[in-house]
Amino acid sequence: MKVSVLKNVMGANEALAARNRELLDRSGVFAIDLMSSPGAGKTSLIIETVRVLKSKLRIGVIEGDIASTIDSDRVRKEGVKVLQINVGAECSLDANMVGQGLAKLPLKDFDLLFIENVGNLICPAEFTLGEHRRVVVLSLPEGDDKPVKYPLMFTKSDCVLLNKIDLAPHLEFNTAKVKTAIRGLNPGVKIFEISCKTGRGVRGWCDWLVKERQGIAR
Ligand SMILES: Nc1nc2c(ncn2[C@@H]2O[C@H](COP(=O)(O)OP(=O)(O)OP(=O)(O)O)[C@@H](O)[C@H]2O)c(=O)[nH]1
Ligand SMILES: [Mg+2]
């Protein structure tokens, strides 16, 4: 019984995600589902990316959080259109919430849409939203065992950003070991070492993003 209810919930989410994807494609918007543990640097990454790419691409943002408008207030200061979705007791955005958000946004005005998911390495991996690419941020202070402990998130992502690389001298984080673990779960995944604080690696990530978008542009 439990299993079939769960199947129905996931099936309904898949159908709504496909509708979101159709709408995004029709509107010419390339969408990223940005996931991580709380505090790994998703909002910082959006801000750094906007700073590099805003002269090239028209960027919109959906901010998913349990509560507050802290992240949307931060991002709005960069001069981009932001929609906040507060999920309350839920542990992730889902396709229904994102569909309602998309209906409120001027999609024709965007080339690129960031969907910052709720900070959590578990639930967001389970729900597709209609995105074109899934990106997970793993920050060094979280520890290099996280891909092995939370494999689904890393198996299902197209790109992993190892953030806060500026803190490496102060931590025992084995970058080679973590990359091997991630590639063991997901051989085709792209991995970048970045720092949103110093800007290291941010250009390489932005170049990848632009190329991925061009790859699906009609
Ligand atoms: N040292 C260092 N700090 C960083 C870096 N990136 C982000 N931070 C800091 O990490 C903290 C959390 O960053 P956020 O961007 O808010 O993280 P988040 O993933 O959006 O957090 P939630 O939305 O709460 O899940 C902030 O204090 C940032 O300034 C980095 O590359 N290096
Ligand atoms: Mg955030």
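Values in this document were obtained by computation on a predicted structure and should not be read as measured data. Along each chain, residues carry numbers from 1 onward, in the same order as the chain's sequence is written. Key to labels: chains lettered from A, ligands numbered from 1, both in the order written. Where local features are concerned, this predicted model is filtered to residues with pLDDT of at least 70; where side-chain atom pairs are given and counted, the filter is 80 or more; whole-chain, interface and lining totals use all residues. Side-chain numbers come from the whole structure's heavy atoms, not from hydrogens or water.

Caption draft 1: Up close: the coordination of the magnesium ion (ligand 2). Protein ligation of the magnesium ion (ligand 2) involves T43 (OG1), D71 (OD) and E116 (OE), the donor distances falling in the range 2.0 to 2.1 Å. Donor residues for the magnesium ion (ligand 2), ordered by position in the chain, follow T-x27-D-x44-E. Taken as a pair, T43 in helix α2 (residues 42-53) and D71 in helix α3 (residues 70-76) lie far apart in primary sequence, 28 residues in all. Sodium, potassium and calcium take a 3.2 Å donor cutoff, other metals 2.8 Å, and in both cases only N, O and S atoms count; water is not among them, so sites may look incomplete. Secondary structure follows DSSP: runs of H or I at least 4 residues long count as helices, runs of E at least 2 residues long count as strands, and numbering of each begins at the N terminus.

Caption draft 2: How the structure looks around the site of ligand 1. The nearness test applies per residue and asks whether one of its heavy atoms lies within 4 Å of the molecule or strand. Around ligand 1 there are 20 residues in total, and K42, T43, S44, D166 and C196 lie nearest to it. One nitrogen or oxygen atom from the main chain of G39 is found 3.0 Å from an oxygen atom belonging to ligand 1. In protein, a polar contact requires one atom able to donate a hydrogen and another able to accept it; more generally it is a pair of N or O atoms within 3.5 Å, and residues adjacent in sequence count only if both atoms are side-chain atoms. Here an oxygen atom of ligand 1 sits 3.0 Å away from a polar atom, N or O, in the side chain of K164. All accessible-area figures derive from a Shrake-Rupley calculation using a 1.4 Å probe, and residue coverage is judged against the displayed protein chains alone. The fraction of the free accessible surface of ligand 1 (660 Å²) that becomes covered by protein chains is 71%. Looking at the shell around ligand 1, the elements with two or more residues in it are α2 and α3. Of the residues in the shell around ligand 1, the class split is four nonpolar, nine polar and seven charged. Amino acids outside the nonpolar list (Ala, Val, Leu, Ile, Met, Phe, Trp, Tyr, Cys, Pro) and the charged list (Asp, Glu, Lys, Arg) are all regarded as polar, and Gly is one of them.

Caption draft 3: Looking closely at the pairing of strand β2 (residues 59-65). Buried residues dominate β2, accounting for seven of its seven residues. Classification of residues uses two cut-offs on accessible area relative to the type maximum, computed with a 1.4 Å probe and protein chains only: under 20% is buried, over 50% is exposed, and between them is partly exposed. Side chains of β2 alternate between two faces, with I59, V61, E63 and D65 and G60, I62 and G64 buried alike. Here the rule is simple: two strands pair whenever DSSP picks up at least two bridges between them. Note: β2 against strand β4 (residues 112-116), five bridges, orientation parallel. By the bridge assignment for β4, I59 is matched with L112.

Caption draft 4: Focus on the pattern of salt bridges. By convention in these notes, a salt bridge is any Lys or Arg side-chain nitrogen within 4 Å of a carboxyl oxygen on Asp or Glu. The full count for this structure, using the stated rule, is 13 salt bridges. In this structure, the salt-bridge partner of K177 is D144, at a minimum N-O distance of 3.4 Å. Taken as a pair, K177 in helix α8 (residues 175-185) and D144 in the loop between β5 (133-139) and α6 (146-149) lie far apart in primary sequence, 33 residues in all.

Caption draft 5: Layout of the nonpolar core. The term nonpolar core refers to a set of buried residues drawn from Ala, Val, Leu, Ile, Met, Phe, Trp, Tyr and Cys, joined through side-chain atoms within 4.5 Å. By size, the foremost hydrophobic cluster in this structure holds 30 residues, and its most contacted members are I59, L112, F114, L161, W205 and L209. For this core, the secondary structure elements donating two or more residues are β1 (30-36), α2, β2, β4, β5, β6 (159-163) and α9 (202-216). Counting residues per element, this core draws most heavily on α9, at six residues. By the convention used here, residues are in contact when the closest approach between their heavy atoms is within 4.5 Å. Setting aside anything within four residues of it in sequence, one finds I59 in contact with V50, L53, K54, V80, K81, F110, L112 and F114. If you look at the next biggest cluster of nonpolar residues, it comprises 18 residues, including L24, L83, V87 and L113.

Caption draft 6: Structural view of unusual backbone geometry. Within the chain, S68 stands out as a residue other than glycine whose phi angle is a positive 85 degrees. Along the chain, the position of S68 falls in the loop between β2 and α3. Overall, the relative accessible area of 33% leaves S68 in the partly exposed class. For K164, which is not glycine, the phi torsion reads 70 degrees and is therefore positive. Position of K164 relative to the elements: it lies in the loop between β6 and α8. The partly exposed category is assigned to K164, whose relative accessible area is 23%.

Caption draft 7: Geometry of the side chain of Q84. By the element assignment, Q84 lies in strand β3 (residues 81-86). On the basis of relative accessibility, which here comes to 18%, the residue Q84 falls in the buried class. Of the polar contacts made by the side chain of Q84, one reaches the backbone oxygen of S68; its length is 3.4 Å. Separated by 2.6 Å, the side chains of Q84 and S72 make a polar contact.

Taken by themselves, the reported measurements are silent on function.
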